[in-house]
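Observations on the three-dimensional arrangement
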Amino acid sequence: MVLRVDGFGVTWTVEPQESVTVEETGPHPASPPMLVVTGATVVSLAVPEDLEQWPACVAFLLRLRDGVDDLAALLAARVAAPGRRDGHGEG
């Protein structure tokens, strides 16, 4: 995993051997689980401690999942047909 900070924020370049897990941090709401990506650097996605904010966090995670699914499909399509674009413009 390579993290770069520039004028656009943080860019994370994914390495294929990185693992993704959900880790329990404790049994209480003040210790919610985290999404952890482990590679050369560890990135943890923490959720708010306030249970009232969890529905908004769930909505974000679902949008994140959908975005990841879209990116994976686009990459798979480009690997399957190198040189072709995703249909949103010419070559």
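The coordinates are above.
Residues numbered from 1 in each chain as written. Predicted model: local features only at pLDDT ≥ 70, side-chain atom pairs only at ≥ 80, totals over all residues. Heavy atoms only, no water.

Together, Leu3, Val5, Val10, Trp12 and Val14 make up an exposed nonpolar region whose accessible area comes to about 500 Å². Only strand E1 (2–6) and strand E2 (9–13) provide two or more residues apiece to the nonpolar patch. Of note, Val10 is situated in strand E2. (Patch = residues over 30% accessible without salt bridge, like charges linked within 9 Å, V, L, I, M, F, W, Y side chains within 5 Å. Areas by Shrake-Rupley, 256 points an atom, 1.4 Å probe, with all protein chains shown as cover. Salt bridge = Lys/Arg side-chain N within 4 Å of Asp/Glu carboxyl O. Helix = DSSP H or I, 4+ residues; strand = E, 2+ residues; numbered from the N terminus.)

It is worth spelling out the sheet that holds strand E3 (residues 19–23) at this point. A sheet is described by the order of its strands in space; here three strands give the open sequence E3-E4-E5, paired in antiparallel fashion. Whereas interior strands pair on both sides, the edge strands pair on one side only; in this sheet they are E3 and strand E5 (42–45). Across the sheet, the axes of successive neighbouring strands diverge by a mean angle of 20 degrees, strand direction being ignored. Where E3 meets strand E4 (residues 34–38), five bridges bridge the pair, whose relative direction is antiparallel. Across the sheet, Glu23 pairs through a bridge with Met34, a residue of E4. (Pairing = 2+ DSSP bridges. Axes fitted to C-alpha atoms, helices over the stretch in contact; angles between N-to-C directions.)

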